[in-house]
Amino acid sequence: MSGNRFEGKVAIITGAAWGMGFQHATRLSEEGASVVLLDIQAERVVDSASKLPRSLGIPCDVTRADQVAAALEQAASRFGGIDILVNNAGGSLAAPRPLWELPEDYYDRVLALNLKAHWLCVRAALPAMRSRGGGKVINIASFAPLIGSGGMAAYAGAKMGVIGQTRSMAAELGPLGINVNAIAPGLIDVPHEKVVFSREDFEKTAADHIARQAIKRVGTPNDISGAVLYLASSDSDFMAGQVLIVDGGHGLFNFAEGWAK
Ligand SMILES: NC(=O)c1ccc[n+]([C@@H]2O[C@H](COP(=O)([O-])OP(=O)(O)OC[C@H]3O[C@@H](n4cnc5c(N)ncnc54)[C@H](O)[C@@H]3O)[C@@H](O)[C@H]2O)c1
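Model, not experiment: these values are computed from the prediction. Residue numbering note: each chain is counted from 1, following its sequence as written. Local features in this predicted model are restricted to residues of pLDDT 70 or higher, and side-chain atom pairs are both shown and tallied only at a pLDDT of 80 or more, whereas totals for entire chains, interfaces and linings draw on every residue. Only heavy atoms go into the side-chain values, all of them from the structure, while hydrogens and water stay out.

Moving on: the layout of surface pockets. With a 1 Å grid laid over protein atoms only, a set of points is called a cavity when a 1.4 Å probe fits there but cannot get out and a pocket when it is open yet has protein on both sides within 12 Å along at least five of seven lines; lining residues have an atom within 4 Å of a point. Grid points are joined across faces, edges and corners, and a volume is the space filled by probe spheres set on the points. As a volume, the largest pocket reaches approximately 1500 Å³. Lining the largest pocket are 50 residues, with G90, G91, S92, Y155 and V196 positioned closest to its centre. Runs of H or I in DSSP of at least four residues are treated as helices and runs of E of at least two as strands, each being numbered from the N terminus. Elements with a minimum of two residues in the lining of the largest pocket: α1 (19–30), α4 (104–130), α5 (144–147), α6 (153–173) and α7 (199–212). Per-element tally for the lining of the largest pocket: the top contributor is α7, with 5 residues. Following the grouping adopted for this structure description, the nonpolar residues are Ala, Val, Leu, Ile, Met, Phe, Trp, Tyr, Cys and Pro, the charged ones are Asp, Glu, Lys and Arg, and the polar ones are all others, Gly among them. Class assignment for the residues of the lining of the largest pocket results in 25 nonpolar, 18 polar and 7 charged. Lining the second largest pocket are 14 residues, and of these K9, D83, G135, K136 and A232 sit closest to its centre. Here the lining of the second largest pocket is composed, by residue class, of 3 nonpolar, 6 polar and 5 charged.

Spelled out as structure tokens, the structure:
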């Protein structure tokens, strides 16, 4: 669907050089938003942004307070404010490993990327959102902590933290006209080469997940964009501190398994 729900709005999407972030940016742009793409992949984020109208790509490490502050200031001064922030940058940074083998600096990096960065970005976006009279923050969590994910202690811990932090942010910022909500995606097949899993490992993991899901396929980035656009739009004005779980119905038990022909 495309329309003009976001005409005149300015949206920041982190981790938008490719993957789900770029899809969210594309969909917001198609519906009229000016979009600012942030990513640590400097060349790729500038190149990806150049494919969208009314856009800006800014190389930025979202775990660095100074870089986040500079990027959001640049975005706000270019487009006159900030209305929507999608905290999408994240990831487990490495394949699953036993918790007793996780290097301490890896644990700290995963927490910084998946949890602290949300706080840094929200804090930096606040003045520009308040100058517009309110806004929308969408924090990307994961189904990982909800289903329980052995081998992913740091990542699942950080993503569960996203849910707690989202609820705190929602309580504090709701009175200022800023809705803060989260999305917990299930397994999503992003179109570029796998950074953490080989394609073969991904296919094996996917088959395992699909067997546990009501919807018998892996998700696509666009499946998550639908939820992002809903939370970015006025249709969700009465929602705060909630988590939309978009995971194909992972873990739903079915007494009627195999009955439907
Ligand atoms: N793919 C899945 O199955 C899945 C499932 C649940 C949740 N998620 C979450 O969805 C979000 C997007 O995932 P994706 O699969 O599109 O991942 P991805 O790895 O394709 O994209 C993540 C983007 O974040 C960027 N990034 C990494 N570190 C950064 C940093 N320090 N500063 C700025 N940018 C940085 C990367 O360069 C990349 O472009 C992440 O938060 C991820 O944890 C993904």
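Take the site of the ligand next. Neighbouring residues of the ligand: 27 residues in total, closest D39, N88, Y155, I188 and H192. Here a polar contact means two N or O atoms within 3.5 Å. Within protein one must be a hydrogen donor candidate and the other an acceptor candidate, and residues neighboring in sequence count only if both atoms are side-chain atoms. Between a nitrogen atom of the ligand and a main-chain N or O atom of C60, the distance comes to 3.4 Å. Methods summary: accessible areas were calculated by the Shrake-Rupley approach with a probe of 1.4 Å, and residue burial reflects only the protein chains presented. Contact with the protein chains removes 87% of the 820 Å² of surface that the ligand exposes when unbound. If you list the elements that add at least two residues to the shell around the ligand, you get α1 and α6. Split into classes, the residues belonging to the shell around the ligand amount to 14 nonpolar, 10 polar and 3 charged. Proximity is defined per residue: if any heavy atom of the residue lies within 4 Å of a molecule or strand, that residue is considered near it.

Turning our eyes to something else, we now look at the sheet that holds strand β1 (residues 10–14). Sheet strands line up and pair through hydrogen bonds in the backbone, either parallel or antiparallel. Any two strands between which DSSP finds at least two bridges are classified as paired. As summarised here, the arrangement of the 7 strands in space is β3-β2-β1-β4-β5-β6-β7, forming an open sheet in which the pairing is parallel. Two strands in the sheet have a free side with no partner beyond their single neighbour: β3 (55–59) and β7 (243–246). If you compare each strand with its neighbour and ignore which way they point, the axes differ by 15 degrees on average. Note that strand β6 (residues 178–185) and β7 share 4 bridges and pair parallel. Its bridge partner lying in β7, P185 is registered against V246. In the packing of helix α2 (residues 42–49) onto the sheet, the strands contacted are β2 (34–39) and β3, and the crossing angle to β3 comes to about 180 degrees. Lines are fitted to the C-alpha atoms to define the axes, a helix being fitted only along its stretch in contact, and any angle between axes, read from their N-to-C directions, falls within 0 to 180 degrees. We call two residues in contact whenever any of their non-hydrogen atoms come within 4.5 Å of each other.

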